[in-house]
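Chain by chain, the residues run as shown.
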Amino acid sequence: MAACLAATPPAFAKGDAIPALPTYTAAYEPQGVDERGLWMQMDEAERALRDSKAVINDPGLVQYVRDVVCRTVGEDRCRTVRVYILRDASFNASMAPNGMMLVHTGLLLRARSEAELAAILGHEFAHFELRHSLNGFKQRRTATDIFEWAGVVVSGAVAVGGRGAYQVARAARSVQMSAVRSIFSNSREQERQADRLSMAYLRTSPYDPQCFSQIWSRLMDEADATAHGRRQRSRRYDKVSFFATHPTDLERATYLREIADGMNKSGADAAERYRTALTAWHPQLLADQIRLNDFEGTDYLLTGLARDRWTASLLFARGELYRTRGHPRDLVSAVSFYRDAIAQDATNAEAYRGMGLAQLRSRDPQAAETLKKYLAMKPDASDNAMISTLLQ
Amino acid sequence: MLVSSTHTAHAQEKSGIKEGFVLKEQSAKILLIRPTIKVGAQSTGRMFEPNADWTAQAKENLGAALAVAQGRLGNEVIVAEEPIGAAAEKMADYRALFSVLADSVIRYQFFPGNRLPTKKRKGVFDWTMGPGVAEIGKGTGADYALFIHNEDQYGSTGRKILQIVAAMAYVSVKSGEHAGYAGLVDLRTGDLVWLNADRAMGGDVRTPEGAQKRIAQLLEDFPGSTSKPAPAIAAAK
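Overview of the structure. Predicted, not measured: the structure shown is a model, and the values here were computed from it. (Residues numbered from 1 in each chain as written. Chains lettered and ligands numbered in written order. Predicted model: local features only at pLDDT ≥ 70, side-chain atom pairs only at ≥ 80, totals over all residues. Heavy atoms only, no water.)

### Observations concerning the side chain of Thr 144 of chain A
1) Next: By the element assignment, Thr 144 of chain A lies in helix α6 (residues 132-160).
2) Next: Polar contacts involving the side chain of Thr 144 of chain A include one to the main-chain carbonyl oxygen of Arg 141 of chain A, which spans 3.0 Å. (Helix = DSSP H or I, 4+ residues; strand = E, 2+ residues; numbered from the N terminus. Polar contact = N/O pair within 3.5 Å; in protein donor to acceptor, adjacent residues only side chain to side chain.)

### Describing the sheet that holds strand β1 (residues 82-86) of chain A
What holds strands together in a sheet is hydrogen bonding between their backbones, with the strands either parallel or antiparallel.
Residues and elements named next belong to chain A.
1) Next: Judged by pairing direction, the sheet is mixed, and its three strands sit side by side in the order β1-β3-β2 without closing on themselves. Two strands lie at the open edges of the sheet, namely β1 and β2 (93-95), each paired on one side alone. Averaged over all pairs of adjacent strands, the angle between their axes in this sheet comes to 15°, without regard to strand direction.
2) Next: As defined by bridge partners, β1 adjoins strand β3 (residues 100-104) across five bridges and the pair is classed as parallel. By the bridge assignment for β3, Ile 85 is matched with Val 103.
3) Next: Most of the contacts of helix α1 (residues 32-50) go to β1, to which it runs at about 55°, and overall it touches β1 and β3. (Pairing = 2+ DSSP bridges. Axes fitted to C-alpha atoms, helices over the stretch in contact; angles between N-to-C directions. Contact = heavy atoms within 4.5 Å.)

### So, the layout of surface pockets
1) Next: Estimated volume of the second largest pocket: approximately 1,000 Å³.
2) Next: The wall of the second largest pocket is formed by 40 residues, among which Glu 44 of chain A together with Arg 34, Pro 35, Thr 36 and Arg 95 of chain B lie closest to the centre.
3) Next: For the lining of the second largest pocket, the per-class residue count stands at 24 nonpolar, six polar and ten charged. (1 Å grid on protein atoms, 1.4 Å probe; cavity = no way out; pocket = protein on both sides within 12 Å on 5 of 7 lines; lining within 4 Å. Points joined across faces, edges and corners; volume = space filled by probe spheres on them. Nonpolar A, V, L, I, M, F, W, Y, C, P; charged D, E, K, R; others polar.)

### Points about the packing of helix α2 (residues 59-73) of chain A against helix α10 (residues 271-278) of chain A
Two measures define how a pair of helices packs: the angle their axes make with one another and the distance between the axes.
Residue and element names in this part refer to chain A.
1) Next: The geometry of α2 relative to α10 is characterised by a closest axis approach of 10 Å and an angle of 155° between their N-to-C directions. Between α2 and α10, the angle is such that the two are roughly antiparallel. The two elements α2 and α10 cross, and the hand of that crossing is left-handed. Here Leu 61, Tyr 64 and Arg 71 of α2 come into contact with α10, specifically with Arg 273, Tyr 274, Ala 277 and Leu 278.
2) Next: A per-class count over the contact of α2 with α10 returns five nonpolar, no polar and two charged. (Parallel < 35°, antiparallel > 145°, perpendicular 65-115°, else oblique. Left-handed = near helix turned anticlockwise from the far one by under 90°.)

### Concerning the environment of Glu 19 of chain B
Residue and element names in this part refer to chain B.
1) Next: Secondary-structure assignment places Glu 19 in the loop between β1 (15-17) and β2 (29-32).
2) Next: For Glu 19 and Ala 69, which are 50 residues apart along the polypeptide, the C-alpha to C-alpha distance reads 24 Å.
3) Next: Ignoring anything within four residues of it in the chain, the contact list for Glu 19 reads Arg 121, Lys 122, Gly 123 and Val 124.

### Things to note about the interface of chain A and chain B
1) Next: Listed as interface residues are 27 residues of chain A and, on the opposing side, 33 residues of chain B.
2) Next: Of the roughly 2,600 Å² buried where chain A meets chain B, counting both sides, 61% is carbon and sulfur surface.
3) Next: The interface formed by chain A and chain B contains nine salt bridges.
4) Next: With its nearest N and O atoms 3.0 Å apart, the salt bridge here joins Glu 44 of chain A to Arg 34 of chain B.
5) Next: Here chain A and chain B share nine residue pairs in polar contact (both at pLDDT 80 or more) between them.
6) Next: Elements that contribute at least two residues to the side of chain A that touches chain B include exactly α1 and α6 of chain A.
7) Next: Each residue belonging to the side of chain A that touches chain B can be placed in one class, and the counts come to ten nonpolar, six polar and eleven charged. (Buried area = accessible area lost by both parts, 1.4 Å probe. Salt bridge = Lys/Arg side-chain N within 4 Å of Asp/Glu carboxyl O.)

Written out as structure tokens, the structure is:
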């Protein structure tokens, strides 16, 4: 597929920006009080997570995601990883210091190819391999220690009073500010390191490294659409805010593209295999996305997923999205999306349900017919009684 | 986490018992659900620093102290085995439900000013997890399930020095946090029959003696016990 074709020629060679792969230690055990403490917490959290309903227990899907991790970081490294798929519509993934990897369904919905998923999971694995949780913990502890000492100086200056108290308090406040700033700038630096190491994994993997930067370009567009729909100011991408834990999407898209250009490596994006693996889960993931109540962001996402072909499940999801917002004009659009979905897949009972409800609200006399069809197709539907009362 | 504040004590009740509840006398079998125990240090900047060794010691000490304390009341404590498969999901659900329930009781009953209208009548203590909770005790013969949550943050040296220096500058700084709760659920009805929550407890759980003191505080007003604090008993070494 053409999803990840590089269009721009390399601006300058950035091949040296990628680190060499660190030496890998199998079955690493935590060392020292801080690291053992963090692992203990994570081991306990993993026990709870393993049995939690928030996790999707589909062995096939978990194995598929695991295989992608293994193809990215190599067989040796991936042996440490336990993959948990969290039913969470946000775009995110994370990896704990003990080897527990969390993949949100929102990421699975937004990635368009295996190569994109590989890049993100490689990034999370890089945090793990570089032991960023531990380093971040230590850095935050130092910074909050400084903050607390400076806080005592401020309160002390106020309590003791006298000449110069104001200057002392002011100086101590500025020490506090730089301590806080250091926490966030350290976090951003860790993200950049993880991005670079992920590119190093991609270099030795079968995947195309260009895909990584394209995710961030799309996320900016989606965020713009969301902001527009919510009448909010779009977030700026050329400026880092004080409390930002990650570099801006624009910065990431730019340097990742430069690194990929400098690598001069081609690879597969495996978009078709990705689509096949996720097809069965699409209805559920789309339903969760629609519940976010983010009309424009979701419409952008759906249009992107459809690209040149609107499948029945995407059309149905779009119908649900429009019907949920429910302006009179949306109901008209929704009915046509449901109709197109049914034209492709006549067995989709839910599409009849949605169409009937949209027609009902538009005072369309066809509504009863459509809803009866739904009940006939799905007599044991959980909302059978409710729909029946609407028909009386 | 970043803002220093002093802790003010509110008038708060610490425990509640279901109206008219009497523990099955002298022979109650109590199923101990895997307790949540977290022990660590508190950094100068008030961050929690988890400590694996202290936590392991506390788990062992608290477990032993609990068995002794319940034995004196004539009750038998069975430690819940780690379930597998569907049973594991049930257990995870009910552990999660209990933590929400305990938080609700503490927030909406133990603070008189914040009491829900249905909890205002004197003596009322009406909370339940539903009869479905019986499933987690299946096959154990247990009458009750005991849930325990315990979190200790010992002030680090840096925190203590800060406290001393701050005191010299007339600034009050608190060092350490020791909070926990214990609750007993009737496995037949699912009703919460007793809950005890304490935000400031004594006893160093890293030592057997301290753990006994802590358990005595956690089990204060436990159904069937006298209201007097239990006398210290010899440490089981």
